[in-house]
Amino acid sequence: MKSLGSIRRSFAPWADPKSVPFIAVKNVTKRFGDFVAVDDLSLNIYPREFFALLGASGCGKSTLLRMLAGFEQPTSGEIILDGQSLAGIPPYKRPVNMMFQSYALFPHMTVENNIAFGLKQDGMPKADIAARVDQMLKLVKLDKFAKRKPHQLSGGQRQRVALARSLAKRPKVLLLDEPLGALDKKLREETQFELMDLQQELGLTFVVVTHDQEEAMTMADRIAVMAHGKVVQVATPPEIYEAPNSRFVADFIGDVNIFDGTVSSAGNGTVEIATQSGFTVRVASAELPAVGANAGFAVRPEKIRVGRDRPACAPLNAAQGEIWDIGYLGDMTVFHVKLKDGKVIKASSLNAVRAVEDPIGYDQEVWISFDENAGVVLKD
Amino acid sequence: MQRWSRFNIASIVLGFAFLYLPIVLLVVFSFNESKLVTVWAGFSTKWYVQLFHNQALLDAAWVTIRVGLISATVATVLGTLAALAMTRYTRFRGRMLFSGMIYAPLVMPEVITGLSMLLLFVAIGFDRGFWTLTLAHITFTMCFVAVVVQSRLLSFDRSIEEAAMDLGATPVATFLQVTLPVIAPAVFSGWVLAFTLSLDDLVISSFTSGPGATTLPMRIYSQVRLGVTPEINAVCTILIGIVAIGVLIASVVSRSREIQRVKDEQAAFAH
C-alpha cells in the first residue's frame, strides 16, 4: 500500500521490525465486576512516540491509562515498560508520571511546592530541587507565579502547573488524561502545539487519552482508536483518516459518506461495488473482497465534487441528485445532496475563488462524482 | 433593599426573645448586688470575685477542661480514622451495619449510653474517676467527629491523592502531606465540636465519674439543687462569654478567608 505520509517523516519506529517497543501492553484485560473495561488488549508504544488513545467515554481508554500509572491492576495480561514488567509495582515506584484531567493540584501548596512535591519525595538535595523547579517554571512560562496558590491561577495557568509538576521528575513516560479538556477552544489549540514542541524538546514518550479526535489528529504520531475495551485500529493520523479499517473508525473520525452495496467485480487492484443508490463505484484497493459479497464504500465529503454538468466518468463514480441543504462556513461550503434513492450525502468544497458567478443554489439538479482513489472499501 | 413586613418583624422578635430572653436574664442577674436571684438590688461584680475564691468550682472547671482536651483529641483521631474507613472502603462486608453503628450514638438517649458505660466499668472492675469519665466522653464525641469529617471527605477530590502517589509519595506520606492538610479544617471543627460537647455534658458524666472527678456542669447542677445563687449565674455568664467569643472568632476567620479566596480568584481571571 502506498504511504499516506506521516507527521514526522523520519520518525516511524513502528514500521521497523527491529525496533523494540518502550511500552508493551500484552493481552491486558480489566474487569470491574461483570463489566469488562479493557478486553484482551495488546499495544506497542515506541520510545519518543506521541501516542493517543482515542475513543468515546466508557471505551476503556482511561482504564488503560490508569493501569499504566498503577492505579488499577490488570485482571489478566501484563504491561512491560522499558523491558520490565509493571505487575505489582505500586504507582509511587513507577517511572511514569501522569497529568490529571482535573489537574489535581495540591490546593494547600504554592505553585513551586506543587512542582517540588515529587522531587522532595525522592529526597533530592534542596539546592537541586530549587534549580529544577526554576527550570520547570521557565519551561511553562510561570516564573512570576511561583508563590501563588492554585486557586489564584486561571484555568490555563493551572494546566501548565500540572504539566510542570508531572514533568519535574523527568519521567520516562508522561501520561496525559484529557490534558486540554478544561480549556476553551482557542487556548486548547495553542496548547496542543506547545505540548508537541515540549515533547520533541524533552524527547519523552507521551501517552495521551482523549475523546477529541481533532486533538488526537493534531498532536499524535499514532492514534489507537478504541471501542468497547478493544483497539479497533492503530495508525498514523493520515492513515486513520484516509484508510480507516472499519465502518466504526470511518464513522468515528471526521465526516464520511458510506455507500452499501455488493461487490460486482474485483481484480487488477480495483474493486467495483454496485451500490444501493443505483450507481456503480470503481475503487482502487489492495485488498480484494469476493465477488457477490456485501461491502461498503466510504468516501470523505471533501473528496466529492459537486457540479451541474455530467462528469466524464459517469456512470461510474457519479450520481445525480438535488441540493438539499447548503452550509456556508466561510473557508468552505458543505452541500447536502439528496440522491435519487433518497440517500442524503455530504460534500464539501473549498471556497478558493472569492466571487463565484452563479453559485450552486438550493433545489438545483447536480451531479456528484469522485476519483477512483477517493475512498476505501469496507468489508464488514 | 428588601422591605420588612410587620409579620416578619414580629416573627423575628418573638423567635429571638424565645431563644435569648432566659440567657439575658441570667447575665443581668449575675451582676446583681442582692443574694436573691429574682430581686434586683443594684449593679455589682462581687459574685465574680467570690467565684474565684470558690475552690470546689475552680477544681470542677479544671477537671472539665482536662477531660475536654484529652477526650476531644482522642475522639478526633478515632473519629477521623472511622470516617476515612467508611468513605474509602465502600465495599467491605457489613459496611451498612458499621456506618449505622457510628450514627446510632448520636440519637441514643444519653441516659442509656451513660448507664451502659457504668455497667461496663463496674463489670470489669474499673474504678470510676477521671479516666472513666474521659473514656465515656471519647466514646460519645467520636461519632460527632466522624460525621463532620465524613461529610468533608465525601466532597474530597481523590485525584489529588493519586497525584501524590504518582509523584512518588507512599500512602503514609500521601496521607500526612496531602489528605490531612486538606481536610484539616473539618478535623479541627470536629475537635471543637467534641470539646464543646464534652464541656457541657451532664448526664453521661454523672453516670461515669467518680469521687474527685466532678465536672463543672455536675457541680453547677448540684449547687442549684440547694438553691440558685448569683455565683452560679456568674459562672454561666463566663461560660457563655467563652463560647460566644469562640463562635465569633471562628466565623470571622472563615468569612475573611472566603473574601480573600473570592478576591484571589477574581485577580487570577483578570489577566
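Peer 1: An account of the overall build of chain B is needed here, citing residue identities and associated values.
Peer 2: For chain B, the count of helices and strands is eleven helices and zero strands. Taken from the N to the C terminus, the helices and strands of chain B come in the order α-α-α-α-α-α-α-α-α-α-α. A compact globule built from 271 residues would reach a C-alpha radius of gyration of about 18 Å, whereas chain B, at 23 Å, exceeds it by more than 25%. A principal-axis box enclosing the C-alpha atoms of chain B has dimensions of 70 × 65 × 35 Å. Taken across its 271 residues, chain B has 28% of its residues classed as buried.

Peer 1: Mind laying out the nonpolar core, listing which residues take part and the relevant values?
Peer 2: The nonpolar side chains of a soluble globular protein tend to be buried with one another. Counting residues in hydrophobic clusters, the biggest one holds 108 residues, and the most contacted among them are A164, L175 and V207 of chain A. Here this core gathers at least three residues from each of two domains, domain 1 (14-248) and domain 2 (255-371) of chain A. The residues contacting A164 of chain A, other than those within four sequence positions of it, are I115, M136, L137, L139, V140 and L142 of chain A. M117, V145, A146 and I232 of chain B belong to the second-largest nonpolar core, a separate cluster that totals 35 residues.

Peer 1: I'd like a rundown of the packing of helix α2 (residues 111-121) of chain A against helix α3 (residues 126-139) of chain A, residues and numbers included.
Peer 2: Residue and element names in this part refer to chain A. At their nearest, the axes of α2 and α3 sit 10 Å apart, and the two run at 130° to each other. Overall, the two elements α2 and α3 adopt an arrangement that is oblique. Here α2 runs over α3; the crossing is right-handed. Contact residues: E112, I115, A116, L119 and K120 in α2; I129, R132, V133, M136 and L137 in α3.

Peer 1: Can you explain the environment of G375 of chain A? Please cite residues and give values.
Peer 2: Residues and elements named next belong to chain A. Mapped onto the fold, G375 is located in strand β20 (residues 375-378). According to the C-beta neighbour criterion, G375 is buried, with 28 such atoms within 10 Å. C-alpha separation for the pair G375 and A298, spaced 77 residues apart in sequence, amounts to 5.4 Å. Residues in contact with G375, not counting those within four places in the same chain, are V283, F297, A298, V299, K303 and F370.

Peer 1: So what's going on with the interface of chain B and chain A? Which residues, and what values?
Peer 2: Taken residue by residue, the interface counts 22 residues in chain B and 21 residues in chain A. Counting only elements with at least two residues in the side of chain B that touches chain A, the list comes to α7 (159-166), α8 (171-200) and α11 (230-270) of chain B. It is α7 of chain B that provides the largest number of residues to the side of chain B that touches chain A, a total of seven residues. Of the residues assigned to the side of chain B that touches chain A, the class counts are 13 nonpolar, three polar and six charged.

Rules behind the numbers
Residues numbered from 1 in each chain as written. Chains lettered and ligands numbered in written order. Predicted model: local features only at pLDDT ≥ 70, side-chain atom pairs only at ≥ 80, totals over all residues. Helix = DSSP H or I, 4+ residues; strand = E, 2+ residues; numbered from the N terminus. Rg over C-alpha atoms; globule rule 2.2 N^0.38 Å. Buried ≥ 20, exposed ≤ 12 C-beta atoms within 10 Å, placed from the backbone. Core = buried A, V, L, I, M, F, W, Y, C linked by C-beta atoms within 7 Å. Domains from an automatic or database assignment. Contact = placed C-beta atoms within 7 Å. Axes fitted to C-alpha atoms, helices over the stretch in contact; angles between N-to-C directions. Parallel < 35°, antiparallel > 145°, perpendicular 65-115°, else oblique. Left-handed = near helix turned anticlockwise from the far one by under 90°. Nonpolar A, V, L, I, M, F, W, Y, C, P; charged D, E, K, R; others polar.

By themselves these figures say nothing about function.
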